[in-house]
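Breakdown of the fold
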Amino acid sequence: MDILLLEDLDADARQWLAARHQLDYQPELLNDEARLREYLPRFRALVVPPGLKINGQLLDAAPQLAAIGRIHDGTENIDFDACQKRRVRVIQASSATVRASAEHQLSCLLQLFRLGVCQAPLAPGGRGVPGREINDSVIALLGLAPPAHVLATMLVPLGVRVVGYDPAVHRNAELWRRLGVQPLALTDMLETADAVAVQTIYASRYRGLVGERILAACKPGQLWTCISRPSLFDFQALADALRTGRIGAFMMDSDDARLTAADSPLLGLPNLRITPRLAPFTQESQARGSWYLADRLHETLTMNPQTEQPESDGNDLMPPG
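Okay, so let's go over this structure. Each chain has its residues counted from 1, running along the sequence as written. With the structure being a predicted model, the display of local features is reserved for residues of pLDDT at least 70 and the display and counting of side-chain atom pairs for 80 or more, all residues being used for whole-chain, interface and lining totals. Processing note: side-chain calculations cover all non-hydrogen atoms of the structure and skip hydrogens and water entirely.

Bringing unusual backbone geometry into the picture now. A negative phi angle characterises most non-glycine residues, just as the trans form characterises most peptide bonds. With a phi close to 55 degrees, arginine 87 is a non-glycine residue in the positive phi region. In this scheme, a residue with accessible area under 20% of its type's maximum is buried, one over 50% is exposed, and one in between is partly exposed, where area comes from a 1.4 Å probe on protein chains only. Overall, the relative accessible area of 41% leaves arginine 87 in the partly exposed class. The phi angle at arginine 277 is positive, at roughly 55 degrees, despite the residue not being glycine. The way it works is that DSSP assigns letters per residue, a run of H or I at least four long becomes a helix, a run of E at least two long becomes a strand, and they are numbered from the N terminus. When you line up the elements, arginine 277 lands in the loop between strand 12 (272-275) and helix 11 (283-302).

Here it is, written out as structure tokens:
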């Protein structure tokens, strides 16, 4: 067999790929590690969901493996060093979900301004506490990951003053001007903003970056929405900021089990809503990502490994020759 699908592709892309390669769709193997390891030696490529850990042990069970594809990008759950050592190409449709993630952030901001996390109980006469319009507000972008580029172009025409901070982007970088975003120091940004949209590209050095000292700078009642990895936050400091009203409401999009664990300090907070990683999932993003993976998987499986190497456009990692 050529390709094991542990996550399905868009129907048209899957049909196109099936006309060129042998496919086997077995998502139930995700819940049966022993059976998965029995299947792996038969396949040259995998399509996997973000939750599956790609490590040395899994790769050792798949000696013929040439490529691993994921519709949704990210560094979590992938041992890139192990893939490179075994010359396994990691293909991620990084750009496919950018628009979906940006629209998710915008929809969360609009809901937070108008309703908070949950709609307030109706007062006599049928009206609740009035919400706010996003026009004339100040919104901060914490992180200039690609969804932030699209989000900025959505916010500016709505009459929003957009400010931003990214630990990896210099304040004098041309990117800020091109996006119409005013760069600020982190604490200055938090003191100024009515709301914060977080889409930082996570690295281990940023673990706990948003902690007690940073959150103390927040404008009281500030609204937050986040599609970055929760490890960016100190959970206890975030819980304290939510309880005291330093952060008025927070919408976090993540399937990290630590957020809802029995001992999580965030558990049960009424002004925190957690959605299970919905931001990148739309019909359109699935179709874009599926076609990208189908094309790249076909390219990888049909090339001559002795004489050819596929070109990379930044959406995938190809071990050096």
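Structurally, aspartate 194 can be placed in the loop between helix 8 (186-192) and strand 9 (195-198). Here aspartate 194 falls in the buried class, since its relative accessible area comes to 10%. Among the polar contacts listed, one links the side chain of aspartate 194 to the side chain of lysine 219, at a separation of 2.8 Å. Ignoring sequence-local partners within four residues, the contact set of aspartate 194 consists of Phe113, Arg132, Ser137, Val138, Lys219, Gln222 and Leu223. In protein, a polar contact requires one atom able to donate a hydrogen and another able to accept it; more generally it is a pair of N or O atoms within 3.5 Å, and residues adjacent in sequence count only if both atoms are side-chain atoms. Should any heavy atoms of two residues lie within 4.5 Å, those residues are considered in contact.

Any two strands between which DSSP finds at least two bridges are classified as paired. Here seven strands make up an open sheet; going across it, the order is 8-7-6-9-10-11-12 and the pairing parallel. The open sheet has two free edges, formed respectively by strand 8 (182-183) and strand 12, since each of these has just one partner strand. The pairing of strand 6 (residues 138-142) with strand 7 (residues 161-165) spans five bridges and is classified as parallel. Along strand 7, the bridge assignment pairs leucine 142 with tyrosine 165.

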